[in-house]
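# Commentary on secondary and tertiary structure
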Amino acid sequence: MEILKNLTTLACFMVATLALVQISHAQNLPQDFVNPHNSARAAVGVGNIVWDNTLATYAQNYANARINDCALVHSGGQYGENLAWGSGTSLTAANAIQMWVNEQAYYTYSTNTCAAGKVCGHYTQVVWANSVRLGCGRVQCTNNAGVFIICSYDPRGNVVGQKPY
């Protein structure tokens, strides 16, 4: 009877652990990146962006290259790009995209400008109408240096002299 009780306890523990792993992983799946982008885009009348595996591979490879330093340094590649960093282990796709979308408060569409001393280029890339493909990558950096997230966009946005939509 004791063995059955121990097996039941072990089974419950394993199910709970797997559920937590699944919840953690589920916060960084392709749709966890795509859906908040499309919500922000819909709010300004821009069509949906779609997940692209080529861009995702590019982004994940670059994220992997940043795993030892978590530095917010752009890749310099051919795609548009947004980067995010968070301390600890909890930065998710939704968190990163929300940080970028929050920059909307500093953007004035009529003049296509950002408030003095503020950043809004991450937001304009999220809603850039001509950017129709998206791929993102995420790594937990070594030595508890945080989480690094990159999203790559094709075609790139933030073209000087053009409005995002």
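Above this note sits the structure.
This section reports on the structure supplied with the text. Worth saying up front: this structure is predicted, and the values here are computed from it rather than measured. (Residues numbered from 1 in each chain as written. Predicted model: local features only at pLDDT ≥ 70, side-chain atom pairs only at ≥ 80, totals over all residues. Heavy atoms only, no water.)

Turning to the state of the cysteines, a few remarks are in order. Scanning the model with the defined rule gives 3 disulfides in all. Between the sulfur of C114 and that of C120 lies a disulfide, 2.4 Å long from S to S. The partner cysteine of C136 in its disulfide is C151, sulfur to sulfur 2.1 Å. On the S-S bond that ties C136 to C151, the torsion sits near 105°, and the link is right-handed. (Disulfide = S-S within 2.5 Å.)

Strand order in this open sheet of 4 strands is β1-β5-β6-β2, and the pairing throughout is mixed. The sheet terminates laterally at β1 (50-51) and β2 (80-86), the two strands that pair on one side only. Strand direction decides the pairing type here: strand β5 (residues 133-140) and strand β6 (residues 147-154), joined by 8 bridges, are antiparallel. Bridge pairing links Q140 to V147 in β6. Across the sheet, helix α3 (residues 53-65) touches β1, β2, β5 and β6, and the angle it forms with β5 is around 25°. Against the sheet, helix α4 (residues 93-101) engages β2 and β6, with an angle of about 115° to β2. (Pairing = 2+ DSSP bridges. Helix = DSSP H or I, 4+ residues; strand = E, 2+ residues; numbered from the N terminus. Contact = heavy atoms within 4.5 Å. Axes fitted to C-alpha atoms, helices over the stretch in contact; angles between N-to-C directions.)

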